[in-house]
Amino acid sequence: MRTLAITQNMTLDGAVEMLDDWFDPTQQDPDHLTELHRQDATCDAVLLGRQTFEAFRGYWPEQSDDQTGVTDQLNTVTKYVVSSTMTDPRWQNSVVLSGDLLQEVRALKEQPGQDIVATGSIMVCHELLTADLVDECRIFVHPAVQGRGRRFFPEGFAASRLRLLDHKTFGNGVTYLGYGLTQEH
């Protein structure tokens, strides 16, 4: 079974909704980029909500001198976009998931392949967490406090048995925390 991981950038106070300028995807610490590339090497699918997908589609394919490698990665992997309204994703290697999200993701996890990574897409990630479909949380904690905005975990979500899989600190002050989730909540 494939791993479903949520990878998010987050403020120290838990906000993943970027309402301030605490994160710039084009300005990354070299060691931070190395970690992202390490994770990309095991990922062949990205799962995005429609709004995140449209934001990515409007930005990343237009980057002609992307030093981060994100453009190449996103153009290569299969992108699954969750939407009940989109019919033509207009980005190579993109597939619209218009059915029941949880059934669609369960089916994707059963298919052969590498990791499926959800990023951004806060409502989609919250639904996946609540349904116990997430295997790993890959959190990049940025040295900022936003004081508002939607959080990594949905209201009322509890998981008392997380397994620390990995952790790193980078020169830009960002800390990476990788946790495995158990199915016991």
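Quantities reported herein were computed from a predicted structural model and do not represent experimental measurements.

## Observations concerning the packing of aromatic side chains
Tallied over the full model, the rule gives six aromatic pairs. With a centroid separation of 6.4 Å and 25° between ring planes, the pair formed by F140 and F170 is classed as stacked. With F140 in strand β6 (residues 136–142) and F170 in the loop between β7 (163–169) and β8 (175–180), this pair connects stretches of sequence that are 30 residues apart. Of the two residues examined, F140 and F170, each falls in the buried class. Relative to F157, the ring of F153 has its centre 5.3 Å away and its plane inclined at 5°; by these criteria the two rings are stacked. Judged by relative accessible area, F153 falls into the partly exposed class, the value being 31%. Through successive ring pairs, a cluster of aromatic residues spans F140, F170 and Y176.

## Brief notes about the sheet that holds strand β5 (residues 115–119)
The eight strands lie next to each other as β4-β3-β2-β5-β1-β6-β8-β7, forming an open sheet whose pairing is mixed. Edge strands, defined here as strands with exactly one partner in the open sheet, are β4 (94–97) and β7. Taken over all neighbouring pairs, the strand axes of this sheet differ in orientation by 20° on average, direction set aside. Here seven bridges tie strand β1 (residues 4–11) to β6, and the two strands are oriented parallel to one another. Bridging from a neighbouring strand, T7 pairs with R138 of β6. Contacts from helix α1 (residues 30–40) reach β1, β2 (43–49), β6, β7 and β8 within the one sheet, and its direction differs from that of β6 by about 165°.

## Description of the nonpolar core
Within the largest apolar cluster, 28 residues are counted, with the highest numbers of intra-cluster contacts made by L4, L47, L128, L129, V134 and F152. Those elements giving two or more residues to this core turn out to be β1, β2, β3 (78–82), α4 (101–110), β5, α5 (122–130) and β6. When residues in this core are grouped by element, the largest group, five residues, is from α5. Every residue in contact with L129, bar those within four places of it in the chain, is listed here: I6, V134, C137, F152, F153, P154, F157 and L181. Core analysis: the next-biggest nonpolar cluster, separate from the first, contains twelve residues, V46, F53, L74 and V77 among them.

## Comments concerning the side chain of Q73
In this structure, Q73 sits in helix α3 (residues 70–76). Look at Q73 and you get buried, because its relative accessible area is 17%. Excluding residues that lie within four positions of it along the chain, Q73 makes contacts with D40 and C43.

## Some remarks on the side chain of Q8
Looking at the secondary structure, you find Q8 in strand β1. At 2.8 Å, the side chain of Q8 and the backbone nitrogen of G120 are in polar contact. Those residues in contact with Q8, other than ones at most four positions away along the chain, are V16, T119, G120, C125, R138, I139, F140 and F152.

## Observations regarding the packing of α4 against α5
Between α4 and α5, the least distance of the axes is 11 Å, while the angle of their chain directions is 75°. Judged by the angle between their axes, α4 and α5 are roughly perpendicular. Contact residues: L101, L102 and V105 in α4; V124, E127 and L128 in α5. Looking at the contact of α4 with α5 residue by residue, the class counts come to five nonpolar, no polar and one charged.

## Structural notes on the pairing of β8
Because side chains alternate across β8, one face comprises the buried residues Y176, G178 and G180, and the other comprises T175, L177 and Y179, none of which is buried. Both β6 and β8 contribute to a ladder of six bridges, which runs antiparallel. Bridge pairing in β8 places I139 opposite L177. Hairpin geometry of β7 and β8 is characterised by an intervening segment of five residues between the two adjacent antiparallel strands and by a positive phi of about 90° at G173.

## Looking at unusual backbone geometry
Backbone geometry places R90, a non-glycine residue, at a positive phi of 55°. Looking at where R90 falls in the secondary structure, it is placed in the loop between β3 and β4. Residue N93 is not a glycine yet carries a positive backbone phi of 60°.

What counts and how
- Residues numbered from 1 in each chain as written.
- Predicted model: local features only at pLDDT ≥ 70, side-chain atom pairs only at ≥ 80, totals over all residues.
- Heavy atoms only, no water.
- Phe/Tyr/Trp six-rings, centres within 6.5 Å; stacked < 30°, edge-to-face > 60°.
- Helix = DSSP H or I, 4+ residues; strand = E, 2+ residues; numbered from the N terminus.
- Buried < 20%, exposed > 50% of the residue type's maximum accessible area, 1.4 Å probe, protein only.
- Pairing = 2+ DSSP bridges.
- Axes fitted to C-alpha atoms, helices over the stretch in contact; angles between N-to-C directions.
- Contact = heavy atoms within 4.5 Å.
- Core = buried A, V, L, I, M, F, W, Y, C linked by side-chain atoms within 4.5 Å.
- Polar contact = N/O pair within 3.5 Å; in protein donor to acceptor, adjacent residues only side chain to side chain.
- Parallel < 35°, antiparallel > 145°, perpendicular 65-115°, else oblique.
- Nonpolar A, V, L, I, M, F, W, Y, C, P; charged D, E, K, R; others polar.

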